[in-house]
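# Tertiary structure, described
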Amino acid sequence: MVDARGLSCPMPVLLVQREVKKNAPLELEVLVDNMTAVGNITRFASASHYTVQTEEIDGEYRMTLRK
């Protein structure tokens, strides 16, 4: 899991990129708190052949990336 709440872009997507490069997970959960991060992570995930499911909970976003 990557918890990037409270971080400004580009840090959330950089943390996700680092995790994907290091561990190549089949599934990765990411927590963010802004739509800019959701958009950036979604673009990166799509380019890296992951599907993305995003759920909003009280102004925060739980993203699930799957291969």
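Higher on the page you've got the structure.
Just so you know, these numbers come straight off a predicted model, no measurement behind them.

Criteria and cut-off values
- Residues numbered from 1 in each chain as written.
- Predicted model: local features only at pLDDT ≥ 70, side-chain atom pairs only at ≥ 80, totals over all residues.
- Heavy atoms only, no water.
- Helix = DSSP H or I, 4+ residues; strand = E, 2+ residues; numbered from the N terminus.
- Buried < 20%, exposed > 50% of the residue type's maximum accessible area, 1.4 Å probe, protein only.
- Contact = heavy atoms within 4.5 Å.
- Phe/Tyr/Trp six-rings, centres within 6.5 Å; stacked < 30°, edge-to-face > 60°.
- Lys NZ or Arg CZ within 6 Å of the ring centre and 35° of its normal.

With respect to the helices and strands, the residue Ala 37 is situated in helix α2 (residues 35-47). On the accessibility criterion, Ala 37 (1% relative accessible area) is buried. Between the C-alpha atoms of Ala 37 and Pro 10, which are 27 residues apart in sequence, the distance is 7.6 Å. In contact with Ala 37, not counting residues within four places along its chain, are Cys 9, Pro 12 and Val 32.

Bringing the packing of aromatic side chains into the picture now. Tallying each qualifying case throughout the model produces 0 aromatic pairs. The ring centre of Tyr 50 lies 4.7 Å from the NZ or CZ of Lys 67, which sits over that ring.

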